[in-house]
Amino acid sequence: MTLAVPGDGGLLEPTYVERAVRTRVPGLAIAAMTTIGAGIIHAAAAGVHAEHQNLARLFILLAVAQVGAGLLAMAHPNRWVALPIVAINATAVGFWLATRITGISWIEGLEVREAAQFADTAAALLAAAAVGCAVAASMIGERQSAAPRISFPAFAVAALTIPAMLSGGTHVHSHSDAAASGTAVVDESQPHAHDAGSASIAPDAAAPVVDVSQPHGHAEDGTSVAATAAWPRPWDPAQPIDVSGVAGVTAEQEARAVKLIEDSLNDLPKYADTAAAIADGYASIGDAGTGSEHFIKLSLIEDETFLDASQPESLVYTVDGESRTLAGAMYIASARPTDDPTLLAFAGPLMQWHNHGDLCWAAGPDGKPRVVGITDANGKCATGVNTGGENPMVHVWVIPHPCGVFAALEGVGAGQAAVPEEQRVDMCNTEHAEHSAAAVPAKPYDPTQPIDLGGVDGVTPEQQAAAENLVALNVVRLPQWSDYKVAEAAGYHSIGDGLTGYEHFIKWDLINDDIALDPDQPESLVYQTQPDGSKTLVSAMYFLPDDVALTEVPDIGGALMQWHIHDNLCFTDDPVAPLVRGVTNSGGNCPAPFVKFQPAPMIHVWITPHKCGPFAALEGVGAGQIAEGEARLCDVAHGAGF
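Parameters and conventions
Residues numbered from 1 in each chain as written. Predicted model: local features only at pLDDT ≥ 70, side-chain atom pairs only at ≥ 80, totals over all residues. Heavy atoms only, no water. Helix = DSSP H or I, 4+ residues; strand = E, 2+ residues; numbered from the N terminus. Buried < 20%, exposed > 50% of the residue type's maximum accessible area, 1.4 Å probe, protein only. Contact = heavy atoms within 4.5 Å. Pairing = 2+ DSSP bridges. Phe/Tyr/Trp six-rings, centres within 6.5 Å; stacked < 30°, edge-to-face > 60°. Lys NZ or Arg CZ within 6 Å of the ring centre and 35° of its normal. Salt bridge = Lys/Arg side-chain N within 4 Å of Asp/Glu carboxyl O. Disulfide = S-S within 2.5 Å. Core = buried A, V, L, I, M, F, W, Y, C linked by side-chain atoms within 4.5 Å. Axes fitted to C-alpha atoms, helices over the stretch in contact; angles between N-to-C directions. Parallel < 35°, antiparallel > 145°, perpendicular 65-115°, else oblique. Left-handed = near helix turned anticlockwise from the far one by under 90°. Patch = residues over 30% accessible without salt bridge, like charges linked within 9 Å, V, L, I, M, F, W, Y side chains within 5 Å. Areas by Shrake-Rupley, 256 points an atom, 1.4 Å probe, with all protein chains shown as cover. Lys, Arg positive; Asp, Glu negative; His and termini not counted. Charge placed at Lys NZ, Arg CZ, Asp CG, Glu CD. Nonpolar A, V, L, I, M, F, W, Y, C, P; charged D, E, K, R; others polar. pLDDT = per-residue confidence, 0-100.

## Quick notes on the overall build of the chain
From N to C terminus, the chain includes ten helices and 25 strands. Among the 642 residues that make up the chain, the fraction classed as buried is 46%. Counted over contacts in the chain with a minimum sequence separation of 6, partners at least 24 positions apart contribute 63%.

## Some words on the sheet that holds strand E25 (residues 602-606)
Strand order in the open sheet formed by five strands is E19-E20-E21-E22-E25, with antiparallel pairing between adjacent strands. Pairing within the sheet leaves two strands with one partner each, and these edge strands are strand E19 (493-494) and E25. By the bridge criterion, five bridges tie strand E20 (residues 502-506) to strand E21 (residues 524-529) in an arrangement that is antiparallel. Across the sheet, Phe 505 pairs through a bridge with Leu 525, a residue of E21.

## With respect to the packing of aromatic side chains
Enumeration over the complete set of coordinates arrives at eleven aromatic pairs. Geometrically, the ring pair formed by Tyr 271 and Tyr 282 is edge-to-face, given 5.3 Å between the ring centres and 65° between the ring planes. With a gap of eleven residues between them, Tyr 271 in the loop between helix H6 (251-267) and helix H7 (274-279) and Tyr 282 in the loop between H7 and strand E9 (283-284) connect regions that are remote in the sequence. We note that Tyr 271, like Tyr 282, is buried. Positioned above the aromatic ring of Phe 306 is the side chain of Arg 336, whose terminal nitrogen or guanidinium carbon lies 5.2 Å from the ring centre. Above the plane of the ring of Tyr 484 lies Lys 535, whose end atom (NZ or CZ) is 5.2 Å from the centre.

## Some thoughts on the pattern of salt bridges
One pass over the full model with this rule turns up nine salt bridges. Residue Lys 297 pairs with Asp 280 through a salt bridge whose shortest N-O separation is 3.5 Å. Linking Lys 297 in the loop between strand E10 (292-296) and strand E11 (314-320) with Asp 280 in the loop between H7 and E9, this pair joins segments that are 17 residues apart in sequence. Look at Lys 297 and you get buried, because its relative accessible area is 18%. Classification of Asp 280 by relative accessible area gives partly exposed; the value is 31%. Note that Arg 424 and Asp 426 form a salt bridge whose closest N and O atoms lie 2.8 Å from each other. With respect to burial, Arg 424 and Asp 426 carry one shared label: buried.

## Section: the state of the cysteines
A complete count under the given rule lists two disulfides for this structure. There is a disulfide in this structure between Cys 570 and Cys 590, and the S-S distance comes to 2.0 Å. Residues Cys 570 and Cys 590 are joined through a disulfide that is left-handed, its torsion about the S-S bond being -95°. Taken together, the residues Cys 570 in strand E23 (residues 569-571) and Cys 590 in the loop between strand E24 (580-583) and E25 connect sequence positions 20 residues apart. Taken as a pair, Cys 570 and Cys 590 share a single burial class, namely buried.

## Section: the nonpolar core
Val 471, Leu 478, Trp 481, Leu 525, Leu 560 and Phe 615 are the most contacted members of the largest nonpolar core, which totals 51 residues. Of all elements in the fold, only helix H9 (461-477), E20, E21, strand E22 (535-543), E23 and E25 reach the threshold of two or more residues within this core. The dominant element in this core, judged by the number of residues it contributes, is E22, at six residues. Look past the residues within four positions of Trp 481 in its chain and what remains in contact with it is Val 486, Ala 487, Ala 490, Tyr 492, Pro 519, Asp 520, Pro 522, Leu 525, Tyr 527 and Leu 537. Counting 49 residues, the second largest nonpolar core, distinct from the first, contains Leu 315, Phe 346, Val 396 and Cys 403.

## Brief notes about unusual backbone geometry
A cis amide bond, omega 0°, links Trp 231 with the succeeding residue Pro 232. Examined against the element boundaries, Pro 232 turns out to sit in the loop between strand E8 (200-201) and H6. Here the residue pair Ala 592 and Pro 593 is connected by a cis peptide bond, since its omega of 5° sits within 30 degrees of zero. As for its placement among the helices and strands, Pro 593 is situated in the loop between E24 and E25. Of note, Leu 307 is a non-glycine position whose phi angle comes to about 55°, a positive value. We note that Leu 517 has phi near 55°; this positive angle belongs to a residue other than glycine.

## So, the sheet that holds strand E14 (residues 359-363)
Read from one edge to the other, the open sheet built from three strands follows the order E15-E14-E16, with strand pairing classed as antiparallel. Here the strands that pair on one side only, and so sit at the sheet edges, are strand E15 (369-374) and strand E16 (385-386). Strand direction decides the pairing type here: E14 and E15, joined by five bridges, are antiparallel. Each bridged residue has a counterpart across the sheet, and for Cys 360 the counterpart in E15 is Gly 373.

## Some thoughts on the packing of helix H2 (residues 53-75) against helix H3 (residues 82-101)
How two helices pack is summed up by the angle between their axes together with the distance between the axes. Across the interface, H2 lies against H3 with an axial gap of 10 Å and an inter-helix angle of 150°. For the element pair H2 / H3, the angle class is roughly antiparallel. Like other packed secondary-structure pairs, H2 and H3 cross with a definite hand, here left-handed. Residues Leu 62, Ala 65, Gln 66, Ala 69 and Ala 73 of H2 form the contact with H3, whose participating residues are Ile 85, Ile 88, Asn 89 and Ala 92.

## Some remarks on a negative patch on the surface
A grouping of Glu 410, Glu 421, Glu 422 and Glu 462 is seen on the molecular surface, where their side chains present a negatively charged patch. On the secondary structure map, Glu 421 appears in the loop between strand E18 (416-417) and H9. Take Glu 421: its relative accessible area is 35%, and that puts it in the partly exposed class.

## Re the packing of helix H1 (residues 28-46) against H2
As a packed pair, H1 and H2 sit with axes 7 Å apart at the nearest point and diverge in direction by 160°. Taken together, the axis directions place H1 and H2 in an arrangement best described as roughly antiparallel. In this structure, the crossing between H1 and H2 has a hand that is left-handed. Here H1 contributes Leu 28, Ala 32, Met 33, Thr 35, Ile 36, Ala 38, Gly 39, Ile 40, His 42, Ala 43, Ala 45 and Ala 46 to the contact with H2, which in turn contributes Ala 56, Phe 59, Ile 60, Leu 62, Ala 63, Gln 66, Val 67, Gly 70, Leu 71, Ala 73 and Met 74. When its residues are assigned to classes, the contact of H1 with H2 shows 18 nonpolar, five polar and no charged.

## Section: the confidence of the model for the chain
Of the residues in the chain, 81% reach a pLDDT of 70 or more, and the chain-wide mean stands at 80. Taken element by element, the predicted model of the chain shows its lowest mean pLDDT in strand E1 (residues 2-3) (42) and its highest in helix H10 (residues 484-489) (96). Long-range and interchain partners of residues 1-17, a stretch whose pLDDT sits below 50, account for 15 contacts in this model, where long-range means more than four residues apart. Scored below 50 in pLDDT, residues 171-228 shows 138 contacts in the model against residues more than four places distant or in partner chains.

## Side note on the pairing of E22
Counted residue by residue, E22 has seven buried out of nine residues, so it is predominantly covered. The pairing of E21 with E22 spans six bridges and is classified as antiparallel. What sits directly across from Ser 524, in E22, is Met 541. Counted between consecutive antiparallel strands, the loop separating E21 from E22 contains five residues, among which Gly 533 sits at a positive phi close to 90°.

Below, the structure written as structure tokens:
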């Protein structure tokens, strides 16, 4: 700039006053101002998160780090001071993005994602600006330059920081779960309102996401309330629908649940006859042996409509012999997690969404998928394929149910949920820790009735479910071999033991394959010989490979199952259809020309009632040998005994 000054002879010649030139780091001053502004906003926000002490401490720590890095840059302006500004503010921006996209499950108070708001967005923008300016400063380095013009940047930072600080210091986020504060968790990424105290509340049904693992209530004034009625509770469609008084359930959620129940009661009866369901495109998944048969319409699963009683993805029928009674619907959502907010928001703690990630599927005779088993301990299918269970589902019953209108099936039918079993609200309202198979009354095995193998000490729910599923699959699938001539045509050969009353047909080349416990490919079929010479299919006898020892058999059903071998039988030396012709001598050898085969572990699965239960071995010579130190099993809980 020019400056005219008076002199002795008038005005002096104009002179130029230059800004001082010194060594500077361009961009560092703006980085310092923006990180300080972001830190001030975070400091103001710390107070409103006091209900979560750890979260409040994180806000304070971040504020101190941001402000401290900015002051350090002002006091010692060099390119290396820019690095902590980059690290601190990049971390802040990363956490902000995470809370706006998914939430951070391991930080209490940030578990649920939030929509971007003015205060946090301003802090994130300032932090991002600090990163950008600091990166530029570190790359440019020190240079000889005049003092920067920072009035406008300082004004801009202040204009953004002060309103954001005031907004963030007065806005309350209801992040807590019941254990922390008794306040319902609100998904702030969805539309919501605020009460008189500025706490986030849900104005409509689409907004709230309730932590169903911690039942809790929320009154209109924002204070927590306790549950007024237990849930789940028995359901009787002949009585008025009552899902009221459940903690954590909003009026909108309750109304939605009631409407779904009403719609199900009104719309589902059109499928009372399975013929009507089949005509409309539904197909059985082949699980009738469990006592409940599911018919699924695949085209409805991946569409955008769910929880629509006029278009249920699956229909559930109770099984009584050949008759089927409509029991309810199983509504299936398109692929997503079981704790997806759009699912949890529908009825809150009234519903428990679950999936079935342990089922093995294969194409049935009609080309439609059918359940053919469950995965083993390694998540593998002996037959069929495991699809992963990506579709959450929930039941609505139109018949009485002791575990509530939205109850899941028990046992293997309960599926898997996003919360531990003891916290599920779709199973009977009992202490699951005390609910064991031994507490269930014994029930004689009757394959014409739903399979129930409870009442045996030491059997876990998982073992009971696996054993019941194996029996049910055999009850449904094994009758394809009812005609022994069909079995012969498929490669099965009688071993000639019909005089014992039971005749075994064996397909020898299946014994050492890698398939086990598959009713579509059983190693042996057992027929009971009748006085008129006919044969009635009564059981499968499954073999493991002959290099498996009795001490190495899979523990599928626990104490319900006992494997055995036959180490004392002598056969004709026929490579295709050997016949049993006696037992070994005292030395354990067979007289010539007969031979003894390498024993393979085996087990029966009966599809007819048996006095020693569904896995009983034959008596006498047919009982075979069991593992050393074991007592021979006769399942008196599910049969009459010897």
